[in-house]
Amino acid sequence: MTANHPTKSIGEGLLEDFPILNIEVHPGIRLTYLDSAATSQKPLQVIEAMDDYYRSTNANIHRGVHALAEKATAQYEDARKKVADFIGSEKVEEVIFTRNTTESINLVANAWGRANLNNGDLVVLTEMEHHSNLVPWQMLAAEKSLRLEFIEVTPEGELNLDSYKKLLDQNPKVVAFTQMSNVLGTINPAREIISMAKQVGAMTLMDAAQSVPHLPVNVAEIDADFVAFSGHKMLGPTGIGVLWGKLEMLSAMPPFLGGGDMIKKVYLRSFTANDLPHKFEAGTPAIAEAIGLGAAVDYLNLIGMETIARHEQEITAYAIDQLSKIPGLTILGPQADKKGAVLAFTLDGVHPHDVAQILDSAGIAVRAGHHCAMPLHDKYNIPASTRASFYLYNTRKDVDVLVSGIETVKKYFG
Amino acid sequence: MDDLYREVIIERYKNPLYRGELDPHDISFEDENPLCGDHIRIDLRVDDQGIIREAGFSGHGCAISQASADLLLESVIGKSTAEIKKLTKEDVLDLLGIELGPVRLKCALLPLKILKAGVYGLGESSDDLLEKVED
């Protein structure tokens, strides 16, 4: 296995780079991993980059003058540059490392929100948000008496832009939305949503947790004020996420967490904040994880995001086609051309937990539950759903295994 | 899989004998498993001697939690509330006749947790009761 040269043929050709995809999860039963929307698997290149850091360059970053500290700092900052290039950010200091998407959104809600929002201000979200782009605003709304309103989701699983226009008439201060739903798979018209928000002067935040790993995303083109995503859904490790923000927004914001590294000078009773991006990175950051994320970005670049998006589109269309043939199975969300590689479904008469349990016995990893989107499930009047999600390493064969797994479920409950 | 989804579990899930709300009732309690969203309500009719005469459950959930509710209610008809307070995790697993991992154990024990909370008259938080049930 040559870790430094991933095979470029997508799908099955990548399997040798992902050791976990070749394991047997139950005796004699190979893993079929269809849960990448929860977290992706990691290629050897990422695992080895982190391993190598701990074996040969581990040191705390910034301010150290010894050789290892310099190397570790350079690797950490190099990872930031890779992420900046990956999402089309010209200014590397616009990339803030956080723990994950959730922390990135909390950072904005707390630092920007506390400084800029007041009693009665309107925050517009959508009915398809993950709890991570819902709860931070609910918490802030309770504290500052803000109003929350929601762009409606149509029965087909798309945003109702007419309902959005009506909300814009009320001059919201914030429009925060997901670029791609983690349940419906819907890819929302981000540029349109943002340009409409700008006409009323609203701050815009885009939850890109599901989009950045799967689609080419260029922050300069999309033109949101903030974009949040996680490393672990894009082949990187857990514990590292990104908040991208426009320089003028980040500069004008007060810090979020206080402590080491985020300061320039500290006196007994006061401090001055550090320059960007360090102002928002208090304490020792996730250094190995940032380096791992950098390696993940390298890997994604080697395959190419256009290629990945095309591959997933093809698998998703095939999966929709195959699953639609199963009587009693209902797929949530829009058709393949408006959808990312996420397929949530219900099966008449069978609870998603039972579906997932029986699929697991065939080595198939799917998710069952509300996928951190309880209000969306309420909207569709279902308690839960089963979700299969795909990534660059999945193949049509995986879809076939899923279909035969669902047949087995039906046999039990038929 | 055949061990987990025994015929009796599938049968009770599809054709429960004690499904339904009782109105009026002497005891009613509902709760959910926030992890999976399973939601169950249990209604009981109790006579002057504290004996359960009728029982019904409603709500939604997986085969394990629904079958557990149905089998549990069947087993408590004719029992006293004092006896219900003594029911344990093992009693439920005996009814189901299966072994369960930690995640699905919560599904199986949700009905017992609710039943006990109802019988105890909500004197204790249901989370404490769950711990008691799982111990």
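This text goes with the structure placed above it.
Residues numbered from 1 in each chain as written. Chains lettered and ligands numbered in written order. Predicted model: local features only at pLDDT ≥ 70, side-chain atom pairs only at ≥ 80, totals over all residues. Heavy atoms only, no water.

Tallied over the entire structure, the rule returns 8 aromatic pairs over all chains. For the pair A:F18 and A:Y299, a centre-to-centre distance of 5.7 Å together with 85° between the ring planes defines the contact as edge-to-face. Here A:F18, found in the segment before β1 (24-26), pairs with A:Y299, found in helix α9 (residues 287-303); they are 281 residues apart in sequence, far enough to count as distant. The pair A:F18 / A:Y299 is uniform in exposure class, with both members buried. Relative to B:Y5, the ring of A:F413 has its centre 5.6 Å away and its plane inclined at 70°; by these criteria the two rings are edge-to-face. On the criterion of chain membership, the pair formed by A:F413 in helix α13 (residues 396-413) and B:Y5 in the segment before α1 (7-14) is interchain, its members lying in two chains. For the pair A:F413 and B:Y5, a shared accessibility class is recorded, and that class is buried. The cationic tip of A:R396 hangs over the ring face of A:Y318; the distance from NZ or CZ to the ring centre is 4.2 Å. The lysine or arginine in question, B:K85, covers the ring of B:Y120, its NZ or CZ lying 5.1 Å from the ring centre. (Phe/Tyr/Trp six-rings, centres within 6.5 Å; stacked < 30°, edge-to-face > 60°. Helix = DSSP H or I, 4+ residues; strand = E, 2+ residues; numbered from the N terminus. Buried < 20%, exposed > 50% of the residue type's maximum accessible area, 1.4 Å probe, protein only. Lys NZ or Arg CZ within 6 Å of the ring centre and 35° of its normal.)

If you trace the backbone, A:T154 turns up in the loop between β6 (147-151) and α5 (161-168). Taking the relative accessible area as the measure of exposure, A:T154 reaches 18% and is therefore buried.

Residues and elements named next belong to chain A. Across the interface, helix α10 (residues 305-324) lies against α13 with an axial gap of 10 Å and an inter-helix angle of 25°. Classified by the interaxial angle, the pair formed by α10 and α13 is roughly parallel. Considering how the two elements wind past one another, α10 and α13 form a crossing that is right-handed. Of the residues in α13, those touching α10 at E314, I315, Y318, A319, Q322 and L323 are R396, V399, D400, L402, V403 and I406. Broken down by class, the residue content of the contact of α10 with α13 amounts to 8 nonpolar, 1 polar and 3 charged. (Axes fitted to C-alpha atoms, helices over the stretch in contact; angles between N-to-C directions. Parallel < 35°, antiparallel > 145°, perpendicular 65-115°, else oblique. Left-handed = near helix turned anticlockwise from the far one by under 90°. Contact = heavy atoms within 4.5 Å. Nonpolar A, V, L, I, M, F, W, Y, C, P; charged D, E, K, R; others polar.)

Quick look at the nonpolar core now. Among soluble globular proteins, nonpolar side chains are generally buried collectively. A:Y164 and A:L392 are the most contacted members of the largest nonpolar core, which totals 78 residues. Among the elements that take part in this core, α9(A) stands out by supplying 11 residues, more than any other. The residues touching A:Y164, leaving out its near neighbours within four places in the chain, are A:V124, A:I151, A:V175, A:I193, A:M196 and A:A197. Among the nonpolar cores identified, the runner-up in size contains 70 residues, and A:A388, B:L44, B:A63 and B:L72 belong to it. (Core = buried A, V, L, I, M, F, W, Y, C linked by side-chain atoms within 4.5 Å.)

It is worth spelling out the interface of chain B and chain A at this point. Where the parts come together, the accessible area they lose is often given as the size of the interface. Chain B puts 18 residues into the contact, and the matching count from chain A is 14 residues. With both chains or domains summed, chain B and chain A bury close to 1,400 Å², and 57% of this area falls on carbon and sulfur atoms. Linking chain B with chain A are 1 salt bridge, by the criterion used here. The partner of A:D354 in a salt bridge is B:R104, and the shortest N-O contact between them spans 2.9 Å. Of all elements in the fold, only α1, α2 (63-76) and α5 (102-119) of chain B reach the threshold of two or more residues within the side of chain B that touches chain A. Per-element accounting of the side of chain B that touches chain A gives the leading share, 3 residues, to α1(B). Of the residues belonging to the side of chain B that touches chain A, the class tally is 12 nonpolar, 2 polar and 4 charged. (Buried area = accessible area lost by both parts, 1.4 Å probe. Salt bridge = Lys/Arg side-chain N within 4 Å of Asp/Glu carboxyl O.)

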